[in-house]
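Each chain is listed here by its residues.
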Amino acid sequence: MWTAFVVAHAWITFMGVQLMFNSSFHDVDLYRYWMWLGAHLGQWPVLSSDWVYPAGAIVPMLIPAVASTTNGHTYALAWCVMVTLLDALAVVVLLRHRRSTAGVWWWMAFLVLLGPVSMGRLDAIIVPVMIVALAVLLSRPRLAAALLTAGAWIKVAPGAIIIPLVLVTRRPWRDVVVPAGLVSAFIVLEVAVGGGTSHVASFLTEQGTRGLQIESVGATPWVLAGLFTTSVTRYLNQELVTWEITGPGSNFAVDVLGLALPLGIALLAALFWWLHRRAGTGMHLQAFLVRAALLVLLVLIVLNKVGSPQYLAWLASPVALALALRLPGWRSTAWQVAALALLTQIVFPLDYGALLNGQVPVSLVLVARNVLLVVLLVETVRDLVRDSRRSEDSYTPPGFVEAAASHASR
C-alpha cells in the first residue's frame, strides 16, 4: 500500500512539475511569486494588501519557499514533498481508524484520476486536514474543530463542516465554538501584529466581482448554448486569471448563485438540526456526520459561481474515511466521486484548450460531470435522511467503538 502511495504521488508530481507545469501548476508558481514579493520586497499578502485567500494560506506557501523563491520547479518540487508528507499523515490516521484498507486504496486512485490539480493547489493542503478532522470528530471534537478552523483559514471549505458538528455535539460551546474561536483569534492577532488588520477579511469580498467560471455547474446552460450560438463568449478574467463565460442571462445567474450559496448552507443547517432532533440519541453519529460533511462540500461546489477543478479534491475526505470505516451505503458514492475525478481531469488540464474553443466533445464531458454532481447532491440528501434513521445499536463500525463511547459519556 505504501508503495502505491509513493507511486501515485511521484506520478502526479512528475505530471505537474515536468509535463504540465505551465498549465496545471500555474497556481503553485503564483504562490512562489507571492512569497518572493514578501521575502524580497516586503509586500506580503494580507499584511500589505487585500488577498483572495484567507491569511492562513501564507503558511503552506511559505514552507516550500525555504527551498527557493526564484526557481519555479524547485519550489514546486518542495510543494509536492510537503503535500506528500501531509497525505502520509492522513493515511496513518485512516489506517488507525480502519476496518478496511479500501479507503486508502480508493484515495490513491482518486488522486491519480483527478490528476495534477490534486496536488498543485492549496486544496491539497486542506484535504488531509479534513480527513484527520473527520476521523476524530467524535472522539476529540475540540481537536477536530481546531483543525477545521485552521483549514478554513487556508481555504474556506473545511469551516463549513463545523456546522453539522456543532449541531450534534453535546457541549458545542466548549467542544466546538471555543476551540474554533481561539484558532481564529490567534490568526487575526498574528495578522494584526504584522499590520494587516484592514485586510484580514478581504478574502470574503475579493471574488465578489467574479463572473461565471466556465467549469462551474451554474455555467452548464451557457456551455451547451455556446455550441450552437455566437452570443456566448468565453473570456479570461485578467485580475483573477480564470476563464469565465457570459451570454444572455448569465449575469442574472451570477446574482442568483450569490444568494443561493449562503441560503443553501443555511438550509443545510436547518436540515441537520431537524434530522438530529428527529432521530434523538439513537442516531449513528459517525455515519451521519461523514455524510453531512459530503453534503456540505457538494453544496459548496454545486451552488458556487466559481467552479475550479481542484474543488473536486474536497470530496475525497469523507469518502476515504467512510470506506476505511466500512460505513454502509458508500460504495456507489465512491464510484461516482471517482468518475467525477476522471471527468474533471479530462476537462482540466488534458483538454482545457478545446473547452475554451467551444469544441463539442470536451464540452459534453463537462456537462456530464456537472450533471453527475447534481445527481450526487440529490442522492446524498436521500442517503443522509437514511443515515439519520440508523441507530447506534444497529451498526457500530469496528474500530470506532471507543469514539462512540467517548461521545456518549460527555
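Only a predicted model underlies this, so the values are computations on that prediction, with no experimental measurement involved.

Rules used in this analysis
- Residues numbered from 1 in each chain as written.
- Predicted model: local features only at pLDDT ≥ 70, side-chain atom pairs only at ≥ 80, totals over all residues.
- Heavy atoms only, no water.
- Helix = DSSP H or I, 4+ residues; strand = E, 2+ residues; numbered from the N terminus.
- Rg over C-alpha atoms; globule rule 2.2 N^0.38 Å.
- Buried < 20%, exposed > 50% of the residue type's maximum accessible area, 1.4 Å probe, protein only.
- Contact = heavy atoms within 4.5 Å.
- Areas by Shrake-Rupley, 256 points an atom, 1.4 Å probe, with all protein chains shown as cover.
- Lys, Arg positive; Asp, Glu negative; His and termini not counted.
- Charge placed at Lys NZ, Arg CZ, Asp CG, Glu CD.
- 1 Å grid on protein atoms, 1.4 Å probe; cavity = no way out; pocket = protein on both sides within 12 Å on 5 of 7 lines; lining within 4 Å.
- Points joined across faces, edges and corners; volume = space filled by probe spheres on them.
- Nonpolar A, V, L, I, M, F, W, Y, C, P; charged D, E, K, R; others polar.
- Salt bridge = Lys/Arg side-chain N within 4 Å of Asp/Glu carboxyl O.
- Pairing = 2+ DSSP bridges.
- Expected span 1.5 Å × (residues − 1).
- Bend = angle between axes of the 7 residues up to and from the residue.
- pLDDT = per-residue confidence, 0-100.
- Axes fitted to C-alpha atoms, helices over the stretch in contact; angles between N-to-C directions.
- Parallel < 35°, antiparallel > 145°, perpendicular 65-115°, else oblique.
- Phe/Tyr/Trp six-rings, centres within 6.5 Å; stacked < 30°, edge-to-face > 60°.
- Lys NZ or Arg CZ within 6 Å of the ring centre and 35° of its normal.

The next point concerns the overall build of the chain. Secondary structure assignment for the chain yields 19 helices and three strands. The C-alpha atoms of the chain give 21 Å as radius of gyration, which agrees with the globular expectation for 410 residues (22 Å, within 12%). The buried share of the chain, reckoned over its 410 residues, is 56%. The long-range fraction of contacts in the chain, counting pairs at least 24 apart against all pairs at least 6 apart in sequence, stands at 76%. Roughly 16,800 Å² of accessible area belongs to the chain as shown, and the carbon and sulfur atoms make up 65% of that amount. Counting 25 positive and 19 negative side-chain charges, the chain places the centres of these two groups 12 Å from one another.

The computed volume of the second largest pocket comes to approximately 610 Å³. Forming the walls of the second largest pocket are 26 residues, and the residues nearest its centre are Gly56, Val59, Pro60, Ile154 and Ile187. Secondary structure elements with two or more residues in the lining of the second largest pocket: α4 (58–62), α5 (72–96), α7 (123–135), α8 (141–152) and α11 (172–193). Counting residues per element, the lining of the second largest pocket draws most heavily on α11, at five residues. Here the residues of the lining of the second largest pocket are counted per class, giving 23 nonpolar, two polar and one charged.

Within the fold, Thr220 resides in helix α12 (residues 220–225). Look past the residues within four positions of Thr220 in its chain and what remains in contact with it is Val367 and Asn370.

The next subject is the pattern of salt bridges. By the definition in use, this model includes 10 salt bridges. A salt bridge links Arg382 to Asp383; its shortest N-O distance comes to 3.0 Å. Look at Asp383 and you get buried, because its relative accessible area is 5%. Here Asp387 and Arg386 are joined by a salt bridge, their closest N and O atoms 3.2 Å apart. Each member of the salt-bridge network shares a partner with another, and the members are Arg291, Arg382, Asp383, Arg386 and Asp387.

To continue, consider the pairing of strand β3 (residues 242–246). Of the pairings in the sheet, the one linking strand β1 (residues 212–213) to β3 comprises two bridges and is antiparallel in character. If you follow Leu212 over to β3, its bridge partner there is Ile245. Both strand β2 (residues 233–237) and β3 contribute to a ladder of five bridges, which runs antiparallel. When the sheet's bridge partners are listed, Leu236 is paired in β3 with Trp243. In sequence, β2 turns back onto β3 through a hairpin of four residues, with Val241 there showing a positive phi of about 55°.

In this section: α11. If you check α11, its first and last C-alpha atoms are 30 Å apart, about what 22 residues at 1.5 Å a residue would give, namely 32 Å. Roughly 30° is the biggest bend found in α11, and it falls at Val178, with proline Pro179 one to four residues downstream. In this fold, the buried residues of α11 make contact with α8 and α10 (162–168). Looking one or two places after α11, you find Gly195, whose phi comes out positive at around 85°.

For the rest of this paragraph, the subject is the confidence of the model for the chain. Keep in mind that low pLDDT regions are not for reading the predicted coordinates in detail. For the chain, the mean per-residue pLDDT works out to 92, and 94% of the residues sit at or above 70. α4 holds the highest mean pLDDT among the elements of the chain, 98, whereas helix α19 (residues 401–409) holds the lowest, 38. Here residues 393–410 is modelled with pLDDT under 50, and outside its nearest four sequence neighbours on either side it reaches 34 contacts, counting other chains as well.

On to the packing of α5 against helix α6 (residues 102–114), then. Interaxial distance between α5 and α6 falls to 10 Å at its minimum, and their mutual angle equals 150°. For the element pair α5 / α6, the angle class is roughly antiparallel. The segment α5 lies against α6, with Asp87, Ala90, Val91, Leu94 and Leu95 engaging Val104, Trp107, Met108 and Leu111. Broken down by class, the residue content of the contact of α5 with α6 amounts to eight nonpolar, no polar and one charged.

With the rule as written, the count across this model stands at 14 aromatic pairs. Look at Trp106 and Phe110: their rings are 5.1 Å apart centre to centre, the planes differ by 25°, and that puts the pair in the stacked class. Of the two residues, Trp106 and Phe110 both sit in helix α6, four residues apart, roughly one turn of that helix. Summarising the burial analysis for this pair, Trp106 and Phe110 share the class buried. Each member of the aromatic cluster is reached from another via a ring pair, and the members are Tyr31, Trp34, Trp51, Tyr53 and Trp79. Stacked on the ring of Trp330, the Lys or Arg Arg291 has its end atom at 3.9 Å from the ring centre.

Before going further, it helps to spend a moment on the environment of Gln310. With respect to the secondary-structure elements, Gln310 resides in the loop between α14 (285–302) and α15 (316–324). Counting along the chain gives 148 residues from Gln310 to Ile162, while the straight-line C-alpha distance between them is 21 Å.

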